[in-house]
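Below are the chains, spelled out letter by letter.
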2 protein chains.
Amino acid sequence: MNAYAYASSDAIACLRQAGIPVTHQRIEIARALFSAPVHLSADQIWAKVLEASPDVSRATVYNTLRLFSEKRMIRELFVDPQRVVYDSTTTPHHHLYNIDTGEVRDISDDELRVIGEPRLPAGLVLDEIDVIVRVRNRAA
Amino acid sequence: MNAYAYASSDAIACLRQAGIPVTHQRIEIARALFSAPVHLSADQIWAKVLEASPDVSRATVYNTLRLFSEKRMIRELFVDPQRVVYDSTTTPHHHLYNIDTGEVRDISDDELRVIGEPRLPAGLVLDEIDVIVRVRNRAA
DNA sequence: TTAAATGCAAAGGTTTTGCAACATC
DNA sequence: GATGTTGCAAAACCTTTGCATTTAA
């Protein structure tokens, strides 16, 4: 047992609901993500997982994060071209990205709202709308 | 001379206005970008440049695109984690990204509007707001 | 002439992949 | 026992960097 607020049993239920076969590694990755709202890179999540369970490989973390994204358990953020950030919150909201520090913060859906319906060309289906507010530290 | 609608003299004027020293390579890269509105990756732009001028290196294209972005002559789009797309249009607008094909299209500013002012934490300055509408081909 | 830009090739970092070993049901 | 998952290491990918050479003003 470790100090996570999110228990293994919760993770197992979550995986089952998503239709993902349960494994020890997937449980630990889910716990690293869902114990609290996080915005982390794959390697940061790997580091967190290793603290609780040293026998999880980097490749498994990368592949599992992709799987979780496909199942809509988490959201991929492309804030920086060289590193994907995973967001453990999937309810609709937007993001504030600090270019100087790399920090990602959530913006609530009612603080910033997207108005209008994009005319989708025929044969296309909406997947999601990403709004990223990029900020810098004062004095660029 | 080649078939570009955007002449070398236009490119030279554009570079001078941005405060960038004029070189043969930068002229060709500007012509590849500004002859028509484009959404292209660095390698795609390199390929276009090579058609007109075979003596431009890949590194110069990458470095020049970063320079142009810093000078706000073009805009960097992070639609996909493994490839930056450069947008030759800098007036405010949003983007439609086809996940299946990789295609990027512009959405006019009045078709989709962002309402609200994000509360910026003290010491932070707004850089820009990116709105990316992600779509798929029907039947995922 | 002199500072700056370029080209080449190598390094850098993140992510994916192939295949044997393993765990789960 | 059968199918799917994992681990390892290597490969793949895009992008940046160091340094000698060349170019532009």
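Residues numbered from 1 in each chain as written. Chains lettered and ligands numbered in written order. Predicted model: local features only at pLDDT ≥ 70, side-chain atom pairs only at ≥ 80, totals over all residues. Heavy atoms only, no water.

### Some points on the relation of the copies chain B and chain A
Copy one and copy two of the chain differ by a rotation about a common axis and a shift along it. By a simple turn and slide, chain B fits onto chain A: the slide is 0.0 Å along the axis, the RMSD is 0.1 Å, and the turn is 179°. Overall, the copies show the geometry of a two-fold rotation axis. Comparing contact sets, 100% of the residues at the interface of chain B also lie at the interface in chain A, consistent with an isologous, same-surface contact. (Least-squares fit on C-alpha atoms with pLDDT ≥ 70 in both. Contact = heavy atoms within 4.5 Å.)

### Looking at the side chain of A:Arg31
Residue and element names in this part refer to chain A. Inspection of the secondary structure puts arginine 31 in helix 2 (residues 24–34). Under the relative-accessibility criterion, arginine 31 is labelled buried at 3%. A polar atom in the side chain of arginine 31 sits 3.2 Å from the side chain of serine 8. (Helix = DSSP H or I, 4+ residues; strand = E, 2+ residues; numbered from the N terminus. Buried < 20%, exposed > 50% of the residue type's maximum accessible area, 1.4 Å probe, protein only. Polar contact = N/O pair within 3.5 Å; in protein donor to acceptor, adjacent residues only side chain to side chain.)

### What to know about the protein's contact with DNA strand C
Near DNA strand C, the surroundings consist of 20 residues, among which A:Tyr62, B:Thr23, B:Gln25, B:Asp55 and B:Thr60 are the closest. Here the atoms of DNA strand C within 4 Å of the protein split so that 87% fall in sugar or phosphate, with bases taking the remainder. The separation between a phosphate oxygen of DNA strand C and a polar side-chain atom of B:Thr23 is 2.7 Å. Here a phosphate oxygen of DNA strand C sits 2.3 Å away from a polar atom, N or O, in the main chain of B:Asp55. Elements with a minimum of two residues in the surface near DNA strand C: helix 4 (58–70) and strand 3 (83–87) of chain A together with helix 2 (24–34) and helix 4 (58–70) of chain B. The biggest single contributor to the surface near DNA strand C is helix 4 of chain A, with five residues. (Near = heavy atom within 4 Å.)

### Section: the pattern of salt bridges
Considering all chains together, one arrives at 18 salt bridges over all chains under this definition. Here A:Arg75 and A:Asp130 are joined by a salt bridge, their closest N and O atoms 2.9 Å apart. With A:Arg75 in strand 2 (residues 75–80) and A:Asp130 in strand 7 (residues 124–137), this pair connects stretches of sequence that are 55 residues apart. You'll find A:Arg75 and A:Asp130 in the same group, each marked buried. Here A:Glu111 ties to B:Arg119 by a salt bridge, and the two come within 3.2 Å at their closest N and O atoms. Taken as a pair, A:Glu111 in the loop between strand 5 (104–107) and strand 6 (113–115) and B:Arg119 in the loop between strand 6 (113–115) and strand 7 (124–137) lie in two separate chains rather than in one. A relative accessible area of 15% places A:Glu111 in the buried class. What you see here is one network of salt bridges that share partners, running through A:Arg75, A:Glu128, A:Asp130 and B:Arg134. (Salt bridge = Lys/Arg side-chain N within 4 Å of Asp/Glu carboxyl O.)

### Regarding the pairing of strand 5 of chain A
All names here are of chain A. Of the strand pairs in this sheet, strand 4 (residues 94–98) and strand 5 are connected by four bridges, and their pairing is antiparallel. Along strand 5, the bridge assignment pairs histidine 94 with isoleucine 107. Linking two consecutive strands that pair antiparallel, namely strand 4 and strand 5, is a turn of five residues; a positive phi of about 85° is found at glycine 102 within it. (Pairing = 2+ DSSP bridges.)

### A look at the protein's contact with DNA strand D
By nearness alone, 20 residues border DNA strand D, and A:Thr23, A:Gln25, A:Asp55, A:Thr60 and B:Tyr62 come closest of all. Each atom of DNA strand D within 4 Å of the protein was assigned to sugar, phosphate or base; sugar and phosphate come to 85%. In this structure, A:Thr23 approaches DNA strand D through a side-chain N or O atom, which is 2.7 Å from a phosphate oxygen. Take B:Tyr62: an N or O atom from its side chain is 2.9 Å from a phosphate oxygen of DNA strand D. By residue number, the principal contributor to the surface near DNA strand D is helix 4 of chain B, which donates five residues.

### Focus: the sheet that holds strand 4 (residues 94–98) of chain B
An order of 5(A)-4(A)-7(A)-7(B)-4(B)-5(B) is seen for the six strands of this open sheet, with the pairing classed as mixed. Looking along the sheet, the strands with just one partner apiece sit at the ends: strand 5 of chain A together with strand 5 (104–107) of chain B. Sheet twist, expressed as the average angle between the axes of neighbouring strands with direction ignored, equals 30°. (Axes fitted to C-alpha atoms, helices over the stretch in contact; angles between N-to-C directions.)

### Some remarks on the interface of chain B and chain A
Opposite the 39 residues of chain B that make contact, chain A presents 39 residues. Of the roughly 3,400 Å² buried where chain B meets chain A, counting both sides, 57% is carbon and sulfur surface. Viewed at the interface, chain A and chain B are joined by eight salt bridges. Residues A:Arg134 and B:Asp130 are paired through a salt bridge, measuring 2.9 Å at the closest nitrogen-oxygen approach. Per element, the largest residue contribution to the side of chain B that touches chain A is 14 residues, and it comes from strand 7 of chain B. Grouping the amino acids of the side of chain B that touches chain A by side-chain chemistry returns 21 nonpolar, five polar and 13 charged. One ladder, built from 13 bridges, connects strand 7 of chain A with strand 7 of chain B; its direction is antiparallel. Considered in strand 7 of chain B, the bridge of A:Val133 is made with B:Ile129. (Buried area = accessible area lost by both parts, 1.4 Å probe. Nonpolar A, V, L, I, M, F, W, Y, C, P; charged D, E, K, R; others polar.)

What is shown is where atoms sit, not what they do.
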